[in-house]
Amino acid sequence: MKNFALALLIIAGCAASLIVLNHVGNTARVQGRAFALARERFPAYAVKTTGDVYFLWQEQRVHGRIVVHLGRFLHFMEAGHSSGGPPQIATIVADHEHFTIERTSYKDFLWVAFQTNIARGIYTVLPPADFKERFDTTQPQKYIVIHEYGSPRIFTTSLPSVTEPVLLNIDASYFASTDAARLMDELMKSGLKADIVTICLAEDNPDVTDLDRQKARDFITLLSAHADIVNYKPSSRLSKGIK
Amino acid sequence: MVPRLFFSMLAFLTIIGAVLRIYWLADTQPTGDEFYTIAEAFDYMVRGHYGLEMWHHPKLRDIFVFLAIKFFGTNAEGFRLASIVFGILTIPLTGLVARLLTRSDAAALLASFFMAVDAIHIELSRQAIQEVYMPFFLLLGIYLALRYRDSNNAVLLVFSGVIFGLGLASKWNVAIPLALTLVLLVCQGLKQDGESAFEKSKELLLFFATMVVLPLTVYILTYYPWLLHRGYDLGEWFTTQKIMFAENLVHQGANPEMLQMQDHNPLLWFVRPVGFADFLMNGNEPVVVLGVSNPFVWLLTLPAVGYLMFHVRKHDWRHLFLLALFWCSYLPFVLSRRLTGANTALTITPFAFMAVASVITTLLKEKPHRNYYVTVYIGLVVLIALPLYLLAIGKGYGTILQPILELYRPMHER
């Protein structure tokens, strides 16, 4: 009888510990009030630069989130660590114990969001032409999943279906192959829920054209029928450094 | 042999093995693998990130390296502490498990001796990577399970399950000895006379709880930094495990140049001497750390295993279990298409050493001059082990041993 009780105790203990672990993972996610974009009026931020999108997320203290990014670019260039010279164990430990990136830019803001755990998964919605060019695919496949050392990055050409609230960022570059009305239509038809919606004019990205930025402004005007538009300015404290 | 003498000799072998693993350690520069390992230990524990270095393997190494550095500092003994401790403790464990499986103190001591002087095991005990974790955990898990079988003390089985879980969290191939140990326990549990079906089912439930549920839970719990820091849930964890498994099937290493230099064919592990090398610079001086298998031990493995198989009917379940441990651990690597370095052989060598030791002691049992033969054999093993030791601790470059190192020079540098 003792062994039987011990077996049940082990199974129950293990089940309980896994439930707690799952709960720990879920509660590590930090989000604001979520809005169903097609059904509710929601706040949306008009953001000037790509780096400011990151600062906004940081300011709102979001953590462990799914990012849905619409745009032509991946923003995933890896930044080097701060120390130079031959590797020393103590330096490596210091660098990796207090992970710090001096600044972020249009080249890497999604990579930084991954590294600082704001994002745990990233959907990048690319215009079909860019998707085809980047992945050199002749197949009708429009959904590619890759993993950054076990963490998912998903590339697609249409708004994804995600059950949990997301951080939605619409980069001006996305308007290179679409217009404001069409995107608005797609957004309203999507089942997406989000707590932070950003429309980024990407003024720091030289690869984005003025025409695309104008279309993004048109989109903001259209969106104001469904959302309260806030012109975002980062606080100086946040824009100084990232941890 | 009286137990006191056995344990004294086992302790003596452990001390010899410890000295071999610690000597000149502080002067040995970290290898490239170790730099990555340390960086990733902190990435994992502080931010929950996997890294470039063996990201497709489980994460216990990150936890141990992180804790070792936190408590013992960034010196060589600090970041290598877990490997050194597990490497040293594997020596007596080999003897203890061999004693239970071969019923021979002499064979157990001989197997323990093989482990103490094995150059590849020494080399990897001196590095902050996880290769020596697996033999330690799988041997301790088996030992506790076998002791449970003898004593019926369920606490030993619980500890065995936890230890196997830590083994799984080092590398997945510990699943094979775990599964075989479970099969052994179940078979022997079912065979017990005088127990009702209900009693047997209760014991089977205990085996399931301790040898399946508990190890898996311990394994999953080692991923807590990934869930805690990054906000993943167990569903996402399972998806990532599938990705890691897929990578494991095709993994070819981060550095293609290394593929040219290393022995990556498991079929050869017990057919010819094989090695595992690491290269580093100490100032302007190159250092090559090269572990090479001792031919007087490794090359006897297949004949010894063949002998045990041929005489399997004479032996009891213990030898059958030893043979199963050897073949079931070894064959997946032989049959796999992916490249596997000689470092991975460490999960098989404990069983290989036990088989060789068992056959040698069995064959010499009735011989009139057996002590003479054993002394000559051990002398030959030591004779080869000495230069291999120098290579394993990075003392071979620029010496008479240089031609051996040249075998591992990449083709484009020759």
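Residues numbered from 1 in each chain as written. Chains lettered and ligands numbered in written order. Predicted model: local features only at pLDDT ≥ 70, side-chain atom pairs only at ≥ 80, totals over all residues.

(A) Geometry of the overall build of chain B. Along the backbone of chain B there are 20 helices and 2 strands. By the compact-globule yardstick of 22 Å for 414 residues, chain B fits well, its C-alpha radius of gyration being 21 Å. In terms of overall dimensions, chain B has C-alpha extents of about 70 × 65 × 40 Å along its principal axes. Buried positions account for 52% of the 414 residues belonging to chain B. Partitioning the contacts of chain B with sequence separation of at least 6, the portion at a separation of at least 24 is 73%. (Helix = DSSP H or I, 4+ residues; strand = E, 2+ residues; numbered from the N terminus. Rg over C-alpha atoms; globule rule 2.2 N^0.38 Å. Buried ≥ 20, exposed ≤ 12 C-beta atoms within 10 Å, placed from the backbone. Contact = placed C-beta atoms within 7 Å.)

(B) Region of the structure containing the overall build of chain A. Of the regular secondary structure elements, chain A holds 8 helices and 9 strands. Along the first, second and third principal axes, the C-alpha atoms of chain A reach 75 × 50 × 45 Å. Counting only residues that meet the buried cut, chain A has 39% of its 243 residues in that class. Put simply, 87% of the contacts in chain A that link residues at least 6 apart link residues at least 24 apart.

(C) Representation of helix α8 (residues 133-151) of chain B in the model. Here α8 of chain B is 19 residues long and its end C-alpha atoms lie 27 Å apart, about the 27 Å a rise of 1.5 Å per residue gives. Counted residue by residue, α8 of chain B has 15 buried out of 19 residues, so it is predominantly covered. (Expected span 1.5 Å × (residues − 1).)

(D) Main features of the packing of helix α6 (residues 105-117) of chain B against helix α18 (residues 349-364) of chain B. Residues and elements named next belong to chain B. Where α6 meets α18, the axes come as close as 8 Å, and the angle between the chain directions of the two elements is 135 degrees. One way to sum up the angle between α6 and α18 is to call them oblique. Regarding α6 and α18, the two cross each other, and that crossing is right-handed. Side by side, α6 and α18 meet where Ala 106, Ala 107, Leu 110, Ala 111, Phe 114 and Met 115 of the first sit next to Pro 350, Phe 353, Met 354, Val 356, Ala 357, Ser 358, Ile 360 and Thr 361 of the second. Its residues assigned to classes, the contact of α6 with α18 comprises 12 nonpolar, 2 polar and no charged. (Axes fitted to C-alpha atoms, helices over the stretch in contact; angles between N-to-C directions. Parallel < 35°, antiparallel > 145°, perpendicular 65-115°, else oblique. Left-handed = near helix turned anticlockwise from the far one by under 90°. Nonpolar A, V, L, I, M, F, W, Y, C, P; charged D, E, K, R; others polar.)

(E) Layout of the domain arrangement of chain A. According to the domain assignment, chain A consists of domain 1 (1-30) and domain 2 (33-240). In this structure, domain 1 of chain A and domain 2 of chain A have C-alpha centres spaced 37 Å apart. (Domains from an automatic or database assignment.)

(F) Here's a closer look at the pairing of strand β2 (residues 42-47) of chain A. All names here are of chain A. By the bridge criterion, 5 bridges tie β2 to strand β9 (residues 227-231) in an arrangement that is parallel. From the neighbouring strand, Ala 44 faces β9, where its bridge partner is Ile 229. The pairing of β2 with strand β8 (residues 193-200) spans 4 bridges and is parallel. Within the sheet, the bridge partner assigned to Val 47 lies in β8 and is Cys 200. (Pairing = 2+ DSSP bridges.)

(G) Expanded view of the interface of chain A and chain B. The interface is formed by 31 residues belonging to chain A together with 40 residues belonging to chain B. With 14 residues, the top contributor of residues to the side of chain A that touches chain B is helix α1 (residues 2-27) of chain A. Looking at side-chain class alone, the side of chain A that touches chain B contains 17 nonpolar, 11 polar and 3 charged residues.

(H) Region of the structure containing the nonpolar core. Within the largest apolar cluster, 139 residues are counted, with the highest numbers of intra-cluster contacts made by Ala 355 and Val 356 of chain B. A per-element tally of this core places α8 of chain B first, with 13 residues. Taken domain by domain, this core gets at least three of its residues from each of domain 1 (1-30) and domain 2 (33-240) of chain A. With sequence-adjacent residues up to four places away left out, Val 356 of chain B is seen in contact with Phe 114, Val 297, Leu 300, Thr 301 and Ala 304 of chain B. (Core = buried A, V, L, I, M, F, W, Y, C linked by C-beta atoms within 7 Å.)

(I) Local environment of the pairing of strand β7 (residues 166-171) of chain A. Residues and elements named next belong to chain A. Most of β7 sits inside the fold, with 6 of its 6 residues counted as buried. Alternating residues of β7 divide into Val 166, Leu 168 and Ile 170 and Leu 167, Asn 169 and Asp 171, and every residue in both groups is buried. Across 4 bridges, strand β3 (residues 65-70) lies against β7 in parallel orientation. When the bridges of β7 are listed, Leu 70 appears paired with Ile 170. The sheet contact formed by β7 and β8 spans 6 bridges and is parallel. Paired with Leu 168 across the bridge in β8 is Val 197. Handedness of the β7-helix α6 (residues 180-189)-β8 crossover: right-handed. (Right-handed = clockwise from strand over helix to strand, strands pointing away.)

(J) The arrangement of the environment of Leu 290 of chain B in detail. Residue and element names in this part refer to chain B. Tracing the backbone shows Leu 290 in strand β2 (residues 285-292). Along the sequence, Leu 290 and Asp 278 sit 12 residues apart, while their C-alpha atoms lie 6.4 Å from each other. Non-local contacts of Leu 290, meaning those with residues more than four positions away in its chain, are made with Gly 275, Ala 277, Leu 391, Ala 392, Gly 396, Leu 405 and Tyr 408.

(K) A look at the environment of Gly 167 of chain B. Residues and elements named next belong to chain B. On the secondary structure map, Gly 167 appears in helix α9 (residues 154-168). By the C-beta count within 10 Å, which is 31 here, Gly 167 ends up buried. For the pair Gly 167 and Leu 20, spaced 147 residues apart in the sequence, the C-alpha separation amounts to 24 Å. Beyond its immediate sequence surroundings of up to four residues, Gly 167 is in contact with Met 134, Phe 137, Leu 138, Gly 141 and Val 174.

(L) Main features of the confidence of the model for chain B. All names here are of chain B. Mean pLDDT over chain B: 91, with 96% of residues reaching 70 or higher. Across chain B, the secondary-structure element scoring lowest on mean pLDDT is helix α14 (residues 256-261), at 60, and the one scoring highest is helix α15 (residues 295-298), at 98. Across the interface, the model reports ipTM at 0.90; the global pTM reads 0.92. (pLDDT = per-residue confidence, 0-100.)

(M) Expanded view of unusual backbone geometry. All names here are of chain A. The backbone of Asn 117 sits at a positive phi, close to 70 degrees, despite the residue not being glycine. Inspection of the secondary structure assignment puts Asn 117 in the loop between α4 (109-115) and β4 (119-125). Positioned with a positive phi, Ala 202 is a non-glycine residue whose angle comes to about 55 degrees. Checked against the element boundaries, Ala 202 lands in the loop between β8 and α7 (210-223). For Ala 202, a count of 27 C-beta atoms within 10 Å gives the class buried.

(N) Focus on the packing of helix α1 (residues 3-22) of chain B against α6 of chain B. Residue and element names in this part refer to chain B. At their nearest, the axes of α1 and α6 sit 9 Å apart, and the two run at 10 degrees to each other. Between α1 and α6, the angle falls in the class roughly parallel. Residues Phe 6, Met 9, Leu 10, Leu 13, Ile 16, Gly 17 and Leu 20 of α1 form the contact with α6, whose participating residues are Asp 105, Leu 109, Ser 112, Phe 113, Met 115, Ala 116 and Val 117. Of the residues contributing to the contact of α1 with α6, the split by class is 11 nonpolar, 2 polar and 1 charged.

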